[in-house]
Amino acid sequence: MNDIFEITEQFSGKRFQCQDGHSVLQAMERQGQRCLPVGCRNGGCGLCKVRVLQGEYRCGPMSSRHVPVAARAAGEVLACRVYPLSDLTIERLAPQGAAANQQQQ
Amino acid sequence: MEKGVMRPGHVQLRVLDMPKALKHYVELLGLIEVDRDEQGRVYLKGWTEVDKFSVVLREADEAGMDFMAFKVRNDGTLSRLTEELAAFGCALEEIPAGELKGCGRRIRFVAPSGHCFELFADKEQTGKWGLSEVNPEAWPRGLQGMKATRFDHCLLYGDNLADTLRLFTEVLGFSLAEQVIDPAGNRVAQFLTCSMKAHDVAFIQHAEPGKFHHASFFLETWDDVLRAADLISMTNTSIDIGPTRHGLTHGKTIYFFDPSGNRNEVFCGGDYHYPDHPPVTWTADQLGKAIFYHDRELNERFLTVLT
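Notes on the structure follow. No experiment lies behind these values; they were computed from the predicted model shown.

### Let's talk about the overall build of chain B
Move 1: The helix and strand tally for chain B stands at 6 helices and 17 strands.
Move 2: Its C-alpha atoms give chain B a radius of gyration of 18 Å, near enough to 19 Å, the size a compact globule of 307 residues would have.
Move 3: By the burial criterion, 58% of the 307 residues in chain B qualify as buried.
Move 4: Pairs at least 24 apart in sequence give 68% of the contacts found in chain B among residues at least 6 apart.
Move 5: Between the averaged position of the 33 positive side-chain charges in chain B and that of its 45 negative side-chain charges there is a distance of 3 Å.

Written as structure tokens, this is what we have:
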């Protein structure tokens, strides 16, 4: 499997490609995009929270503090732990004002 | 150490995936696995540490720190400090001996910063890993990864720094070694020591209480820090920042994240502190330089990414 999926971040309008098996955040960083804030990259800090508006995906382990069961069911997940299974449309949900400033740096 | 608190004893961290966490803490950091318990917790230590363990990993659905513990001189000291903590107004809980394998009774309390701390007097001493107690060699063979020598300190983010300082200095006998003061005169960072180290625990002001910034492990040399950076790249480990130097404490450092997003530091060098030294002060307008001495710029991720 060498599928490549297209990710569209709705808030910024940015698009980037994500290889099968890579997380959305990893793909974004590799392509030098900055439409999502990058924190721990490992599901713990909650900084890269997004809502998946369209598409299929699987998730790795994420801290329940940032992704409670109900949020996860509503498609609110951490981009560092989202592995696309199709093209995705996502929307960033930066949790704190300060953290959201990363994009403008 | 005027009140009998000797040093950081252990930290218990929550991890999302134990096998991945162990690969990180054992194969990358070079901590030694020393035991496991029926709860599934795994006990680790740095090779120079004499006590049985200093890091406990617990698998959970949320990252972060359960508690940090300090070892005190003896059981009498523990009893006296228990009374003083109660008089200060801390809610206390006694954890029986053996709840952590090889550790005596622990007194658990919540600091005004919202963090859970423990004191204990007794822990099984297994000696430095791989070295004889008599005529010890310089270092043991068979160490992995960064060869972290010891668990050194934690940096914690939380509220109510003033009362936290009072608790640590007045009740537990710590000294304020370094601080950051804002233009209004508020202390927004405090580095506390019960030894000659520049910090045994540090706090930074943050609206949300009880947050974990990092657990730090000591290396001997700058070359070891550079080698740690190489290993972080070789293993595609999530890096935060470094290698660089701090203004605060002047330690030489690199930061990275464990597979659950808990931040780790390995560092070497740094300032020393005696109880008669006035605190080293940085002003908040120089915070960038205080935190990262070379970049001299505030780093958003370092300030806001917590577990």
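### Considering the layout of surface pockets
Move 1: Space inside the largest pocket adds up to approximately 970 Å³.
Move 2: In terms of lining, the largest pocket is formed by 28 residues, of which the most central are A:Asn42, B:Thr235, B:Asn236, B:Thr237 and B:Ser238.
Move 3: Counting only elements with at least two residues in the lining of the largest pocket, the list comes to α1 (24-30) of chain A together with α1 (18-28) and α4 (222-234) of chain B.
Move 4: Of the residues forming the lining of the largest pocket, the biggest block, 5 residues, is contributed by α1(B).

### Digging into empty space enclosed by the protein
All names here are of chain B.
Move 1: All chains considered together, the criterion is met by 2 cavities of 30 Å³ or more.
Move 2: Estimates place the volume of the largest cavity at around 140 Å³.
Move 3: Around the largest cavity sit 15 residues that line it, and Leu-155, Phe-191, His-246, Tyr-255 and Phe-302 are the ones nearest its centre.
Move 4: Elements that contribute at least two residues to the lining of the largest cavity include exactly β9 (150-158), β12 (201-205) and α5 (287-291).

### Details of the interface of chain A and chain B
Move 1: In this assembly, 21 residues from chain A lie in contact with 19 residues from chain B.
Move 2: Carbon and sulfur atoms supply 45% of the area that chain A and chain B bury against each other, a total of about 1,600 Å² over both sides.
Move 3: Per-residue buried area on chain A facing chain B is highest for A:Arg41, A:Asn42 and A:Arg65; these three make up 28% of the total on that side.
Move 4: Where chain A touches chain B, the interface holds 2 salt bridges.
Move 5: For the interface between chain A and chain B, the tally reads 11 residue pairs in polar contact (both at pLDDT 80 or more).

### Focus on the sheet that holds strand β7 (residues 88-92) of chain A
What links the strands of a sheet is backbone hydrogen bonding, and the strands pair in either a parallel or an antiparallel sense.
Residues and elements named next belong to chain A.
Move 1: Reading across the sheet, the 5 strands line up as β2-β1-β7-β3-β5 and stay open at both edges, with mixed pairing between neighbours. Strands with a single pairing partner mark the edges of an open sheet, and in this sheet they are β2 (14-19) and β5 (76-78). The sheet shows a mean angle of 40° between the axes of neighbouring strands, taken without regard to direction.
Move 2: Of the strand pairs in this sheet, strand β3 (residues 49-54) and β5 are connected by 3 bridges, and their pairing is antiparallel. Looking at β5, one finds that Lys-49 is bridged to Leu-78.

### Considerations on the packing of aromatic side chains
Residues and elements named next belong to chain B.
Move 1: Under the counting rule described, the total for this entry stands at 15 aromatic pairs over all chains.
Move 2: Here Phe-70 and Phe-174 contribute two aromatic rings whose centre-to-centre distance is 5.2 Å and whose plane-to-plane angle is 80°, an arrangement assigned as edge-to-face. With Phe-70 in strand β5 (residues 64-72) and Phe-174 in the loop between α3 (161-171) and β10 (175-181), the pair connects residues that are 104 residues apart, well separated along the chain.
Move 3: Using a relative accessible area of 0% as the deciding quantity, one classes Phe-70 as buried.
Move 4: Judged by its relative accessible area of 4%, Phe-174 falls in the buried class.
Move 5: Each residue in the set Phe-70, Phe-109, Phe-117, Phe-168, Phe-174 and Phe-203 is aromatic and connected to the rest through ring pairs, giving one cluster.
Move 6: The cationic tip of Lys-123 hangs over the ring face of Phe-53; the distance from NZ or CZ to the ring centre is 3.9 Å.

### A word on α4(B)
Residue and element names in this part refer to chain B.
Move 1: Taking 1.5 Å of rise per residue, 13 residues should cover 18 Å, and α4 covers 18 Å from first to last C-alpha, within 8% of that figure.
Move 2: Val-225, Ala-228, Ala-229, Leu-231 and Ile-232 are the residues of α4 that are buried. Take α4 and look down its axis: the buried residues cluster within an arc of 160°, on one side only. Those residues of α4 that are exposed and angled more than 90 degrees off the buried face are Asp-223, Ser-233 and Met-234.
Move 3: Residues of α4 that are buried sit in contact with α1, β14 (239-245), β15 (252-257) and β16 (263-268).
Move 4: Phi turns positive, to about 50°, at Asn-236, one or two residues after α4.

### Concerning the environment of B:Ala86
Residues and elements named next belong to chain B.
Move 1: Of note, Ala-86 is situated in helix α2 (residues 75-88).
Move 2: Note on Ala-86: relative accessible area 42%, which makes it partly exposed.
Move 3: With 23 residues separating them along the chain, Ala-86 and Phe-109 place their C-alpha atoms 9.2 Å apart.

### Brief notes about the nonpolar core
As a rule of thumb, soluble globular proteins bury nonpolar side chains together.
Move 1: In terms of nonpolar packing, the biggest core is built from 60 residues, with B:Leu57, B:Phe117, B:Phe168, B:Leu172 and B:Val201 touching the most fellow members.
Move 2: Element by element, the count of residues in this core is highest for α1(B), at 6 residues.
Move 3: If sequence neighbours within four positions are ignored, B:Phe117 has contacts with B:Met68, B:Phe70, B:Ile107, B:Arg108, B:Phe109, B:Ala111, B:Leu156, B:Phe168, B:Val201 and B:Phe203.
Move 4: A:Phe16, A:Leu25, A:Val52 and A:Val77 belong to the second largest nonpolar core, which has 22 residues in total.

About the cut-offs
Residues numbered from 1 in each chain as written. Chains lettered and ligands numbered in written order. Predicted model: local features only at pLDDT ≥ 70, side-chain atom pairs only at ≥ 80, totals over all residues. Heavy atoms only, no water. Helix = DSSP H or I, 4+ residues; strand = E, 2+ residues; numbered from the N terminus. Rg over C-alpha atoms; globule rule 2.2 N^0.38 Å. Buried < 20%, exposed > 50% of the residue type's maximum accessible area, 1.4 Å probe, protein only. Contact = heavy atoms within 4.5 Å. Lys, Arg positive; Asp, Glu negative; His and termini not counted. Charge placed at Lys NZ, Arg CZ, Asp CG, Glu CD. 1 Å grid on protein atoms, 1.4 Å probe; cavity = no way out; pocket = protein on both sides within 12 Å on 5 of 7 lines; lining within 4 Å. Points joined across faces, edges and corners; volume = space filled by probe spheres on them. Buried area = accessible area lost by both parts, 1.4 Å probe. Salt bridge = Lys/Arg side-chain N within 4 Å of Asp/Glu carboxyl O. Polar contact = N/O pair within 3.5 Å; in protein donor to acceptor, adjacent residues only side chain to side chain. Pairing = 2+ DSSP bridges. Axes fitted to C-alpha atoms, helices over the stretch in contact; angles between N-to-C directions. Phe/Tyr/Trp six-rings, centres within 6.5 Å; stacked < 30°, edge-to-face > 60°. Lys NZ or Arg CZ within 6 Å of the ring centre and 35° of its normal. Expected span 1.5 Å × (residues − 1). Arc of directions from axis to C-beta. Core = buried A, V, L, I, M, F, W, Y, C linked by side-chain atoms within 4.5 Å.

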